[in-house]
Structures are given as structure tokens and as C-alpha cells.
Amino acid sequence: MNLIFDTHAHYDDEAFDADREALLSSMPENGVGLIVDPGCDLDTSRRAVEIAEQYPHVYAAVGWHPENCAPYTRESLDTLRAWAKNPKVVAIGEIGLDYYWEQNPPREFQQEVFRDQLALARELGLPVIVHDRDAHADCLAIVKEFPQVRGVFHCFSGSVEIAQELIKRGWYLGFDGPLTYKNAKKTVEVAKIVPLDRVLLETDSPYMAPVPVRGTRNDSRNVSHICLLYTSDAADERKRNEADRFRSSFFISNLNGAANLLAILPDFVRMFILPL
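As the structure is a prediction and not an experimental result, all values here were calculated from the model. (Residues numbered from 1 in each chain as written. Predicted model: local features only at pLDDT ≥ 70, side-chain atom pairs only at ≥ 80, totals over all residues. Heavy atoms only, no water.)

Draft legend 1. Examining the overall build of the chain more closely. A count of helical and extended segments in the chain gives 12 helices and 9 strands. Burial analysis of the chain (276 residues in total) assigns 57% to the buried set. If you take every contact in the chain between residues at least 6 apart in sequence, the share linking residues at least 24 apart comes to 70%. (Helix = DSSP H or I, 4+ residues; strand = E, 2+ residues; numbered from the N terminus. Buried < 20%, exposed > 50% of the residue type's maximum accessible area, 1.4 Å probe, protein only. Contact = heavy atoms within 4.5 Å.)

Given below as C-alpha cells:
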């Protein structure tokens, strides 16, 4: 059985309180072999770690999301640092900048929190999961200050030019539900130019369910819809010609438990499991 990796899903979210255990337990039989659950503050990061410890196919990331970072103090980095040493924690995230909502913490404070967490990732040798909403230039400028740190720009919404700059610097780009939306023309254009070995698939569950289940609670089973988009007639000729390699890159073949994980993950996925 081929299993796929959802690199970004928030199973710590209260939307899953009613059926979290049953849903996560069923993922391997539904074709999902690995999941990364990123925290957004101390509480959700703690819950993400707890969930990861319960399921061999779930891993966690810990961090302060820009929308949630108002309570941040530098002392809280000690808590993140301690959690990040857990073998089930594979990244610092979800971190970054969000200039969309006026009620978000001030931009200068978001930037301070972002830099502090990039420094923590550099210290620990971990990749990062970056949230960038309407802050493309500042996000790029800040990650350039930390050339030793790499990771993924999750739910990428920037330009082709920024995508090319990030790829040149060794970053990965995450694509999820919006790639399937009719109004996502810019995202589709970016996806066409991204090398397949720099793409990570994600759902951002419980948010942004893809077509054909848009408007419902999202979960990792839906990552297959995003994968199929890349290998459908809607994809460009280059990706159609590489469809077989694409499928083999995103699917984890013959997964026999977490013990075999490192031997079978492709390099661009392995970054979430091994230090850089």
C-alpha cells in the first residue's frame, strides 16, 4: 500500500476534539503514512507534542505563530527548546509574519519573535515551518539573515520571483487546498515553476479543504486531492512527464511502521525527521 505524507496539519485544534483518536488511528489504513502537527503557541505546541507521542506516524513542531505571539517572552524559548529535544519534534514552527489582520501583534514585534525562533532553530539544527501572509518581502529579508536555517514556506502565496529566490537558497515550498481553487491563478503559476524535489504537500487541517471537499472540515486524507492535481491533465507538460517520479516522491511505499521511516523517506521529506 502506498502511503502519503501530510507535512502540515493541526490535530491539536479543537475542531478534532470529538473524533481525534479515531481519525488519527485510521490514517495509515486511509493512505496517510506520516503527519507533522505544528504548534502555534505554548499551549498548542504542548498538545502537538502530546499527540505525536501517542501515534508513531505523527510528528510535531513547536513555535509561536505570528497571529498568536502577543504573549511571547524570550523566557518562553526555554520551553520550546526543551520540547524541541523530544525525538518526536522535528521542526520549529509554525513561525513567521502575518500582516493581513490589523489586530495582529505589531509588525516589529512579530519580526522580533520570528528572528528569535530562527535563532533557536539554528542553535538546535532544526528546520523551520514558516507562515508568510502578506509579508513576503520582510519574510524573505529575515530568513536571509539566517543562511544556516532552511525549511518550508507553508501554504506558499508569494510571487514566482520570491519562489525562485527561496529555492535557490535551499528552501521548500508547501502547497495545500488553495492550489485547487479556481481563483488561485498566482499559486498555480508558482507551482508550475517549482522543481518537484522542492515541493511539500500539506492540508493545513482543519482549514482550507481542497476541491472537491471545499467548505468541510479538512483532514489529512484530503492531501491526495492536491497530489492528484499535480499529475492530472491540469498540470503542465513538465509535471505530466515526471508524473511517475512525482508519485514515488510523495508516496511512502511499503511503510512497515516508524522503524523503517528514515530508510524510505526521500531527501526533501527527511529534513523534517533529521537535523539539517
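The discussion continues.
Draft legend 2. Molecular detail of the pattern of salt bridges. In the structure shown here, the tally under the stated rule is 15 salt bridges. Across the pair Asp 43 and Arg 47 runs a salt bridge, and its minimum N-O distance is 2.4 Å. You can see Asp 43 and its partner Arg 47 sitting in helix H2 (residues 42-54), 4 residues apart, about one turn around the helix. For Arg 47, a relative accessible area of 25% corresponds to the partly exposed category. Within the structure, one salt-bridge network assembled from shared partners comprises Asp 43, Arg 46, Arg 47 and Glu 50. (Salt bridge = Lys/Arg side-chain N within 4 Å of Asp/Glu carboxyl O.)

Draft legend 3. Just the pairing of strand S3 (residues 58-62), in detail. Summarising burial for S3: 5 of the 5 residues are buried, a large majority. Burial along S3 is two-sided: the residues Val 58, Ala 60 and Val 62 and Tyr 59 and Ala 61 are all buried. Bridging between strand S2 (residues 32-38) and S3 involves 4 bridges; their strand directions are parallel. When the bridges of S3 are listed, Asp 37 appears paired with Ala 60. Following the chain from S2 across H2 to the adjacent parallel S3, one finds a crossover that is right-handed. Strand direction decides the pairing type here: S3 and strand S4 (residues 89-98), joined by 3 bridges, are parallel. Bridge pairing links Val 62 to Ile 92 in S4. (Pairing = 2+ DSSP bridges. Right-handed = clockwise from strand over helix to strand, strands pointing away.)

Draft legend 4. Representation of the pairing of strand S6 (residues 151-154) in the model. Two elements, strand S5 (residues 128-133) and S6, share 4 bridges in a ladder whose sense is parallel. Looking at S6, one finds that Val 128 is bridged to Gly 151. Sheet topology note: the S6/strand S7 (residues 172-175) ladder contains 2 bridges and is parallel. Among the inter-strand pairings, Phe 153 is bridged to a residue of S7, identified as Leu 173. As a crossover connection, the stretch from S6 through helix H6 (residues 160-168) into S7 is right-handed.

Draft legend 5. Region of the structure containing helix H4 (residues 107-124). Its 18 residues give H4 an end-to-end C-alpha distance of 26 Å, which sits within 8% of 26 Å, the value for a rise of 1.5 Å per residue. For H4, the full list of buried residues reads Gln 110, Gln 111, Val 113, Phe 114, Asp 116, Gln 117, Leu 118, Leu 120 and Ala 121. Each element contacted by the buried residues of H4 is listed here: helix H3 (76-84), S4, S5 and helix H5 (136-144). Backbone geometry just downstream of H4 places Gly 125 in the positive-phi region, at approximately 70 degrees. (Expected span 1.5 Å × (residues − 1).)

Draft legend 6. Main features of the confidence of the model for the chain. Considering every residue of the chain, the mean pLDDT works out to 87; 82% of them sit at 70 or more. Segment residues 243-249 is flagged for pLDDT under 50; beyond a separation of four residues in sequence, or across chains, it makes 9 contacts in the model. Every residue in residues 252-270 scores below 50 in pLDDT, and together they form 36 contacts with partners more than four places removed in sequence or on other chains. (pLDDT = per-residue confidence, 0-100.)

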